[in-house]
Amino acid sequence: MPVLFSGDSSGDTPALAQVERYRDLLAVCLGNILTLLDPQMVVLGGVLSNFDALYDDLAERVEPHLLPVARLPRFAKARHGDAGGMRGAAFLHIRD
């Protein structure tokens, strides 16, 4: 995935098309989940959280996929980015 997103920043047309497709699918999936759970905030983590353009218009892309009763939450980047899992594993080791 990082290679795809680096192609996005270099103006590679096929990479741009794939990134747009991913962002659209993410919006549809999040819309379904958010309608069901109705959270106040969604924190995105993992490798894709390092792709800053993912957050640019995420709220605008998700909103059409929500049912009218659902509220649009805030979207945030994970504080520790893609290292959250590793940090959690390290803390588990410290506790034992």
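It should be noted that the structure appears before, not after, this text.
A quick note: this is a predicted structure, and the numbers were derived from the prediction, not measured.

A few words on the pairing of strand β1 (residues 41-44). Covered by surrounding structure in β1 are V42 and L44 only, the residues M41 and V43 on the alternate face being uncovered. In terms of strand pairing, β1 meets strand β2 (residues 74-77) through four bridges, oriented parallel. Looking at β2, one finds that V42 is bridged to F75.

All right, on to unusual backbone geometry then. A negative phi angle is the norm for most residues apart from glycine, just as the trans form is the norm for most peptide bonds. For D38, which is not glycine, the phi torsion reads 55° and is therefore positive. A relative accessible area of 27% places D38 in the partly exposed class.

In this model helix α2 (residues 13-37) runs 36 Å from its N-terminal to its C-terminal C-alpha over 25 residues, within 8% of the 36 Å that 1.5 Å per residue would give. Of the positions making up α2, those classed as buried are A15, V19, R23, L26, A27, L30, G31 and L34. A positive phi of about 55° marks D38, the residue just after α2.

What follows concerns the side chain of R23. Among the structural elements, R23 can be located in helix α2. At a separation of 3.2 Å, a polar atom in the side chain of R23 contacts the main-chain carbonyl oxygen of A53. Of the polar contacts made by the side chain of R23, one reaches the side chain of D57; its length is 2.4 Å.

Its place among the elements puts V19 in helix α2. For V19 and A53, which are 34 residues apart along the polypeptide, the C-alpha to C-alpha distance reads 9.7 Å.

Next up on the list: the environment of N50. Within the secondary structure layout, N50 lies in the loop between β1 and α3 (58-62). Given a relative accessible area of 40%, N50 falls into the partly exposed group. The sequence separation of N50 and D82 amounts to 32 residues, and the corresponding C-alpha distance is 7.2 Å. Setting aside its immediate chain neighbours within four residues, N50 contacts K77, G81 and D82.

Our next topic: the pattern of salt bridges. Per the stated rule, a full pass over the model turns up seven salt bridges. In this structure, E20 engages R61 in a salt bridge whose closest nitrogen and oxygen atoms are separated by 2.5 Å. Of the two residues, E20 is situated in helix α2 and R61 in helix α3; the sequence distance between them amounts to 41 residues. Given the relative accessible area of 15%, R61 is considered buried. Within the structure, one salt-bridge network assembled from shared partners comprises E20, R23, D24, D57 and R61.

What counts and how
Residues numbered from 1 in each chain as written. Predicted model: local features only at pLDDT ≥ 70, side-chain atom pairs only at ≥ 80, totals over all residues. Heavy atoms only, no water. Buried < 20%, exposed > 50% of the residue type's maximum accessible area, 1.4 Å probe, protein only. Helix = DSSP H or I, 4+ residues; strand = E, 2+ residues; numbered from the N terminus. Pairing = 2+ DSSP bridges. Expected span 1.5 Å × (residues − 1). Polar contact = N/O pair within 3.5 Å; in protein donor to acceptor, adjacent residues only side chain to side chain. Contact = heavy atoms within 4.5 Å. Salt bridge = Lys/Arg side-chain N within 4 Å of Asp/Glu carboxyl O.

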